[in-house]
Amino acid sequence: MLSDWNLLSDDLQLTLSRAALGRAAELLAEQAETLAREIEAGHLADRGGPDALRLFAAVIRVTGQDELAMAGHA
């Protein structure tokens, strides 16, 4: 197993980076959705949060996909 990032090929580095960024974006979106549900369930004060969080989650998902699709197409 390779233990040094620099030993990986450029293509593999790009693939791993894209996968990590995609996973990070999905985790952010999932957390926003979870927080929205908690507000709706009354566990946190509702100050317009659920709609804002769902908008944030949608933006993260759309932007994340657009950015990943564009990466490597210079």
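In this report, the structure presented in the accompanying data block is examined. Bear in mind that the values here come from a model prediction, so they are computed numbers and not experimental data.

All chains considered together, the criterion is met by five salt bridges. One salt bridge in this structure joins Arg-61 and Glu-26, with 3.2 Å as the shortest N-O distance. Taken as a pair, Arg-61 in helix 2 (residues 49-70) and Glu-26 in helix 1 (residues 10-40) lie far apart in primary sequence, 35 residues in all. Residues joined by salt bridges that share partners form a network here, namely Glu-26, Glu-33, Glu-40, Arg-54 and Arg-61.

With that settled, consider helix 1. Across its 31 residues, helix 1 extends 45 Å between first and last C-alpha, which sits within 8% of the 45 Å expected from 1.5 Å per residue. Inspection of helix 1 places Gln-13, Ala-25, Ala-29, Ala-32, Glu-33, Ala-36 and Ile-39 among the buried residues, and these make up the whole buried set. Directly after helix 1, the chain includes Gly-42, whose backbone phi takes a positive value near 90°.

On to the side chain of Gln-13. Relative to the elements of secondary structure, Gln-13 occurs in helix 1. Among the polar contacts listed, one links the side chain of Gln-13 to the backbone oxygen of Trp-5, at a separation of 2.7 Å. Residues in contact with Gln-13, not counting those within four places in the same chain, are Trp-5, Asn-6 and Leu-8.

Among the nonpolar cores identified, the biggest contains eight residues, and these are Ala-25, Ala-29, Ala-32, Ala-36, Ile-39, Leu-53, Ala-57 and Ile-60. Counting residues per element, the ones that place at least two in this core are helix 1 and helix 2. The greatest single-element share of this core, amounting to five residues, is contributed by helix 1. Leaving out residues up to four positions away in the same chain, Ala-36 has contacts with Pro-50, Leu-53 and Arg-54.

About the cut-offs
Residues numbered from 1 in each chain as written. Predicted model: local features only at pLDDT ≥ 70, side-chain atom pairs only at ≥ 80, totals over all residues. Heavy atoms only, no water. Salt bridge = Lys/Arg side-chain N within 4 Å of Asp/Glu carboxyl O. Helix = DSSP H or I, 4+ residues; strand = E, 2+ residues; numbered from the N terminus. Expected span 1.5 Å × (residues − 1). Buried < 20%, exposed > 50% of the residue type's maximum accessible area, 1.4 Å probe, protein only. Polar contact = N/O pair within 3.5 Å; in protein donor to acceptor, adjacent residues only side chain to side chain. Contact = heavy atoms within 4.5 Å. Core = buried A, V, L, I, M, F, W, Y, C linked by side-chain atoms within 4.5 Å.

Everything listed here is a matter of geometry and, on its own, says nothing about what the molecule does.
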